[in-house]
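Structural overview
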Amino acid sequence: MSDRRDFIKKAALGTIGISSVLSCSSTAANTAVIPTVNPDKKAVKPLVISTWNHGLPANDETWKQLKNGKSALDAIEAGMKIPEADPEVRSVGYGGFPDREGKVTLDACIMDHNSDCGSVSFLQGIKHPISVAKKVLQNTPHVMLSGQGALQFALAEGFKEENLLTAEAEADWKKWMEESKYKPVINMENHDTISMLVIDEAGNISGGCTTSGAAWKMHGRVGDSPIIGAGLFLDNEVGAAAATGLGEAVIRTAGSAMVVELMRQGKSPFEACKEIVERIYDKHKNHKDMEYLQVGFIAINKNGEHAGYSLRSGFNYAVCDDAHGNRMEDATFKMSWDN
């Protein structure tokens, strides 16, 4: 956990920036794991994996929904609505840090095993963007709606417009405004997208992602989270991947799509995540973003093998299955924040 504390300490400097439902009750395990290839190739299902500590309650709800016979999309939506509605989760939905103008803007996407997708970007005033993204998938011929158009669609679908800027987030924004020094350091406090990947009882893969994005971003900025192929990608014949971290770096490398393509070529989830993180490092080692750059990926393959890997220390993710319940695992990383 010392790496985790170091991760948060460094980031703070930049932001002045469930066989049964019961089997997946949250546990305290938090041990770094380098996954190995499942020797008998027997598919692990169901499986839920999601980024960061708030993945635990999200996983719990998703697992409950799956065990109650809900579809993977419904389960993902229900799980991700937990952090979206939690004002203590400062980078997802209600309570998320605002942009430079003091406005909370949200991005989300969802994707099913048929490769049907729904996405919203730059959405304001709607607490559950993951639900709007699901409606885009189900009720429109499009993949992405953005800005005012996304809001109009949400209102037409019966969503309620409300103020998402909490008093706490507003106070932090005003404090930041005193110096307005922008360094988009990625951490639990100011930017930690929740991405979720699911294998259901039938062995089909789905995924989702939701975020309020980087704190203090320019108004109108959209990161990787709502972009299919960047923040989230899956191929039901191969596997799935999702990203967290500085969205610009993930977009530049089509990160999640590339992780899935490497798994298609035979690499394990761990090997695929690691290779794309190395690629991002190579492209950014002399880049202006390198000082505060953090990127992490989670991935699963069709056999239910899973992994996480990040550029810098501190990234963790929640995993839920029948064998071991719901627990945290620390991602292996390339370098610490001292490097």
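Below, the structure is looked at part by part.

Calculation notes
Residues numbered from 1 in each chain as written. Predicted model: local features only at pLDDT ≥ 70, side-chain atom pairs only at ≥ 80, totals over all residues. Heavy atoms only, no water. Salt bridge = Lys/Arg side-chain N within 4 Å of Asp/Glu carboxyl O. Helix = DSSP H or I, 4+ residues; strand = E, 2+ residues; numbered from the N terminus. Contact = heavy atoms within 4.5 Å. Polar contact = N/O pair within 3.5 Å; in protein donor to acceptor, adjacent residues only side chain to side chain. Phe/Tyr/Trp six-rings, centres within 6.5 Å; stacked < 30°, edge-to-face > 60°. Buried < 20%, exposed > 50% of the residue type's maximum accessible area, 1.4 Å probe, protein only. Pairing = 2+ DSSP bridges. Axes fitted to C-alpha atoms, helices over the stretch in contact; angles between N-to-C directions. Disulfide = S-S within 2.5 Å.

As for the pattern of salt bridges
What the rule picks out here adds up to 19 salt bridges. The partner of Glu162 in a salt bridge is Lys127, with the nearest N and O atoms 3.7 Å apart. Linking Glu162 in the loop between α5 (147–156) and α6 (167–177) with Lys127 in the loop between β4 (117–123) and α4 (129–139), this pair joins segments that are 35 residues apart in sequence.

Quick word on the environment of Asn236
Within the fold, Asn236 resides in the loop between β8 (232–235) and β9 (239–245). Along the sequence, Asn236 and Ile205 sit 31 residues apart, while their C-alpha atoms lie 5.6 Å from each other. Those residues within four positions of Asn236 in sequence are excluded, and the remaining contacts are His113, Gly203, Asn204, Ile205 and Lys302. A distance of 2.8 Å separates a polar atom in the side chain of Asn236 from the backbone nitrogen of Ile205.

A look at the packing of aromatic side chains
Counted according to the given criterion, the structure contains five aromatic pairs. When the ring of Trp52 is compared with that of Phe315, the centres are 5.2 Å apart and the planes differ by 65°; the resulting orientation is edge-to-face. With Trp52 in the loop between β2 (47–51) and α2 (55–67) and Phe315 in the loop between β11 (306–312) and β12 (316–321), this residue pair connects regions lying 263 residues apart in the sequence. The buried category is assigned to Phe315, whose relative accessible area is 1%. The interplanar angle of 40° and the centroid separation of 6.2 Å between the aromatic rings of Phe315 and Tyr317 together place this pair among those described as tilted.

Let's talk about the sheet that holds β11
Taken in spatial order, the five strands of this open sheet run β8-β9-β10-β11-β14, and their pairing is mixed. The outermost strands of the open sheet, each flanked by one partner alone, are β8 and β14 (332–335). Between one strand axis and the next, the sheet turns through 15° on average, direction left out of account. Sheet topology note: the β8/β9 ladder contains four bridges and is antiparallel. Bridge pairing links Leu232 to Ala242 in β9. Together, β8, β9 and β10 (295–301) form the strand contacts of helix α8 (residues 255–264), whose direction differs from that of β9 by roughly 145°. In the packing of helix α9 (residues 269–284) onto the sheet, the strands contacted are β10, β11 and β14, and the crossing angle to β11 comes to about 20°.

Let's talk about unusual backbone geometry
The linkage connecting Lys45 with the following residue, Pro46, adopts the cis geometry, with an omega of -10°. Of note, the phi angle at Ser115 is positive, near 70°, even though the residue is not glycine. The topology assignment puts Ser115 in the loop between β3 (106–111) and β4. Owing to a relative accessible area of 39%, Ser115 belongs among the partly exposed residues under this scheme.

Overview of α8
In an α-helix, one full turn covers 3.6 residues, which means residues spaced three or four apart are oriented alike. The buried count for α8 comes to seven of 10 residues, which makes it a mostly enclosed element. Those residues of α8 not exposed but buried are Gly255, Ser256, Ala257, Val259, Val260, Leu262 and Met263. Where α8 is buried, its residues meet β8, β9, α7 (247–253), α9 and β10. Of the residues one or two after α8, Gly266 is the one with positive phi, at around 110°.

Let's talk about the state of the cysteines
With the rule as written, the count across this model stands at zero disulfides. Left without a disulfide partner, Cys109 is nearest to the cysteine sulfur of Cys209, which lies 5.2 Å away. Judged by its relative accessible area of 0%, Cys109 falls in the buried class. In this structure Cys209 comes out as buried when scored by relative accessible area, which is 0%.

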